[in-house]
Amino acid sequence: MKFFKLPDLGEGLAEAEIVEWKVSAGDTVSVDQVLLSVETAKALVDVPSPVAGVIARLCGQEGDILHIGAPLVEFEGGEDDGTVVGKVSAHQQHIEDHFVVGAIAPGGSLVQAMPAVRLLAQKLGLDIDRIKGSGSASMVTEQDVQEAFEALQDSGNEFLKGSRRAMAKAMELSHQTVVPVSITDEVDLRHWRLDEDVTVRLIKAIGVACRAEPSMNAWFDGDTLSRRLFSEVNVAIAVDSRHGLYVPVMENVAEREGADIRQGLDRMIADVKARAVPREMLQGATITLTNFGAIAGRYASPIVTPPQVAIIGAGKLFEKVVFIHGEARPVRALPLSMTFDHRACTGGEAARFLKILVQALEAPAL
């Protein structure tokens, strides 16, 4: 038998969730035939077969979270041909792979688990030697540890997966590395049409503000204390879904017309609903927009996603009274919240950016 292991999917990603198997045990597959779809860092990726052969066993179930190097598929056949990583030896009783750590459990059996899995068990207060492994050659997987922990809990703990898991890790990174400051303002919408596309106007206005104050359209490296300013404005747009939060990127918004932006938004939403956002659509953001007001809330302190330095939040439209030529009149208002990384830009730069953003939004048309 020979094993195909979860390959390195790039970008320093360490794990992936099995979303859908495209094959079953007993199937004959060809080279480059898609074996399964996995989700990692919120992107759905098809994993092709590196060899032709007959599948003896699938080494995971849909919903399992696997680390890079973990067995995915067991093929019928003899020695590896070099394209399938790792092999099992009946004499060694463990997978020959440097990711796997073995230990002798009470009773003399070899307990196999990756270092990350052992660390997870330790954090949860579990004795990994007492956990039955479901992986290849009885290797203990992260899913085994999670299930063992859940079995001990009466509170119904749910382990985060997919986009929710990616979001949690991104928020933790932001908390550890960003020095956030939030400022707010309101947009007077008296010149807007009643059918104005709020999201399109926000995106176009962000493009205008970034061109005028490029310090907010940037990446910051805290290790080297350096920043990179961009001329092209690529806006990451937070999209809520039943699977969790996705943040696809709309490129070069400063050069696009409103109709083109709306078409792009519709495609994004359709991809998110289908849980089929391509990886390239999640890369290259220079600034982020979250339109939480479409659901509820006026103001917030949005969280910056490194290496970006700024995020814009739009709240729920509301009415307020203003004095125009001494006469009180009701007008609609759009509340804005902006958080920026104070290491990368000054308060003056952030305030000027927000001022230009408000002015662009208050104009009759962009």
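In the block above lies the structure referred to throughout.
Numbers given for residues are sequential positions, taken from 1 along each chain in its written order. Local features in a predicted model are, by the rule used here, given only for residues with pLDDT of at least 70; side-chain atom pairs are given and counted only at 80 or more, and totals for whole chains, interfaces and linings are based on all residues. Note that the side-chain values use all heavy atoms of the structure and ignore hydrogens as well as water.

A. View of the sheet that holds strand S5 (residues 43-48). The strand order across the open sheet formed by 4 strands is S5-S4-S2-S7, and the pairing between neighbours is antiparallel. Of all strands in the sheet, those bounded by a partner on one side alone are S5 and strand S7 (65-67). Taking each pair of neighbouring strands and ignoring which way they run, the sheet shows an average axis angle of 40°. Two strands are said to pair when DSSP picks up at least two bridges between them. A run of H or I in DSSP counts as a helix once it spans at least four residues, and a run of E counts as a strand once it spans at least two, with each numbered from the N terminus. Across 6 bridges, strand S4 (residues 34-40) lies against S5 in antiparallel orientation. When the bridges of S5 are listed, Glu39 appears paired with Leu44. Only C-alpha atoms enter the line fits that serve as axes; for helices the fit covers just the stretch in contact. Angles between N-to-C directions range over 0 to 180 degrees.

B. Representation of the packing of aromatic side chains. Stacked, tilted and edge-to-face are the three classes applied to pairs of Phe, Tyr and Trp rings, where Trp contributes its six-membered ring and a pair requires centres within 6.5 Å; stacked means planes under 30 degrees apart, edge-to-face means over 60, and tilted covers the rest. Here the structure, examined in full by the defined rule, presents 1 aromatic pair. Arranged with centres 5.0 Å apart and planes meeting at 70°, the rings of Trp219 and Phe230 form a pair that is edge-to-face. Here Trp219, found in strand S14 (residues 218-221), pairs with Phe230, found in the loop between strand S15 (226-229) and strand S16 (235-237); they are 11 residues apart in sequence, far enough to count as distant. In this scheme, a residue with accessible area under 20% of its type's maximum is buried, one over 50% is exposed, and one in between is partly exposed, where area comes from a 1.4 Å probe on protein chains only. Trp219 gets classed as partly exposed once you look at its relative accessible area, which sits at 26%. Overall, the relative accessible area of 16% leaves Phe230 in the buried class.

C. Spotlight on the pairing of strand S23 (residues 327-341). The pairing of strand S13 (residues 180-188) with S23 spans 9 bridges and is classified as antiparallel. Considered in S23, the bridge of Ser182 is made with Thr339. Relative to S23, strand S22 (residues 318-324) is paired through 7 bridges, and the arrangement is antiparallel. Its bridge partner being in S23, Lys320 is matched across the sheet by Val331. Here S22 folds back onto S23, and the loop between the two strands holds 2 residues, one of which, His325, carries a positive phi near 55°.

D. Region of the structure containing the packing of helix H4 (residues 198-212) against helix H5 (residues 258-273). The N-to-C vectors of H4 and H5 enclose an angle of 115°; their axes lie 10 Å apart at closest approach. By the angle between their axes, H4 is roughly perpendicular relative to H5. Remark: the crossing between H4 and H5 carries right-handed chirality. Within the contact between the two elements, H4 uses Thr199, Val200, Ile203 and Lys204 and H5 uses Gly258, Ile261, Arg262 and Leu265. Roughly parallel covers angles under 35 degrees, roughly antiparallel covers those over 145, roughly perpendicular covers 65 to 115, and oblique covers all other angles. Handedness of each helix crossing follows the sense of rotation of the near helix against the far helix: counterclockwise by less than a right angle gives left-handed, clockwise gives right-handed. In what follows, a contact means two residues having at least one pair of non-hydrogen atoms within 4.5 Å.

E. Up close: unusual backbone geometry. Note that the residue after Pro306, namely Pro307, is joined by a cis bond; omega there is 5°. Within the secondary structure, Pro307 is located in the loop between strand S20 (287-290) and strand S21 (310-314). With a phi close to 50°, Asn252 is a non-glycine residue in the positive phi region. In this fold, Asn252 is placed in the loop between strand S19 (249-250) and H5. Positive phi values are uncommon outside glycine, yet Arg275 reaches one of about 55°.

F. Representation of the pattern of salt bridges within the structure. Only one rule defines a salt bridge in this text: a Lys or Arg side-chain nitrogen within 4 Å of an Asp or Glu carboxyl oxygen. Tallied over the full model, the rule gives 18 salt bridges. Across the pair Arg256 and Asp260 runs a salt bridge whose closest N-O atoms are separated by 2.8 Å. What makes Arg256 buried here is its relative accessible area of 17%. The exposure class assigned to Asp260 is partly exposed, which follows from its relative accessible area of 31%. Members of the salt-bridge network, linked through shared partners, are Arg193, Asp195, Glu196 and Arg201.

G. Structural view of the environment of Lys273. Position of Lys273 relative to the elements: it lies in helix H5. Sequence separation of Lys273 and Tyr246 is 27 residues, and the distance between their C-alpha atoms is 9.9 Å.

H. How the structure looks around the sheet that holds strand S6 (residues 53-58). Judged by pairing direction, the sheet is antiparallel, and its 4 strands sit side by side in the order S1-S8-S6-S3 without closing on themselves. Across the chains shown, the open sheet's two edge strands, defined by having one partner strand only, are strand S1 (2-5) and strand S3 (28-29). In this structure, S6 lies alongside strand S8 (residues 71-75), joined through 3 bridges in antiparallel fashion. Pairing of Arg57 across the sheet is with Glu74, part of S8.

I. Spotlight on helix H6 (residues 347-362). Helix length check: H6, at 16 residues, gives a terminal C-alpha distance of 22 Å against a target of 22 Å (1.5 Å per residue), a fit within 8%. For H6, every residue scored as buried is listed here: Glu349, Ala350, Phe353, Leu354, Leu357, Val358, Ala360 and Leu361. Considering only its buried residues, H6 is in contact with S13, H4, S15, S20, S21 and S23. Expected span of a helix, by definition, is 1.5 Å for each gap between consecutive residues, and there is one gap fewer than residues.

J. A look at the nonpolar core. The criterion is simple. A nonpolar core is a set of buried Ala, Val, Leu, Ile, Met, Phe, Trp, Tyr and Cys residues joined through side-chain atoms within 4.5 Å. Judged by nonpolar contacts, the single largest core of 45 residues is most densely connected at Ile206, Ile287, Leu336, Phe353, Leu357 and Leu361. Of all the secondary structure elements, the ones that give two or more residues to this core are H4, S14, S16, H5, S20, S21, S23 and H6. Ignoring any residue separated from it by four or fewer positions in sequence, one finds Leu357 in contact with Ala205, Ile206, Ala209, Ile312 and Leu336. In this structure, Trp21, Ile55, Val117 and Phe149 belong to the second largest nonpolar core, which totals 34 residues.

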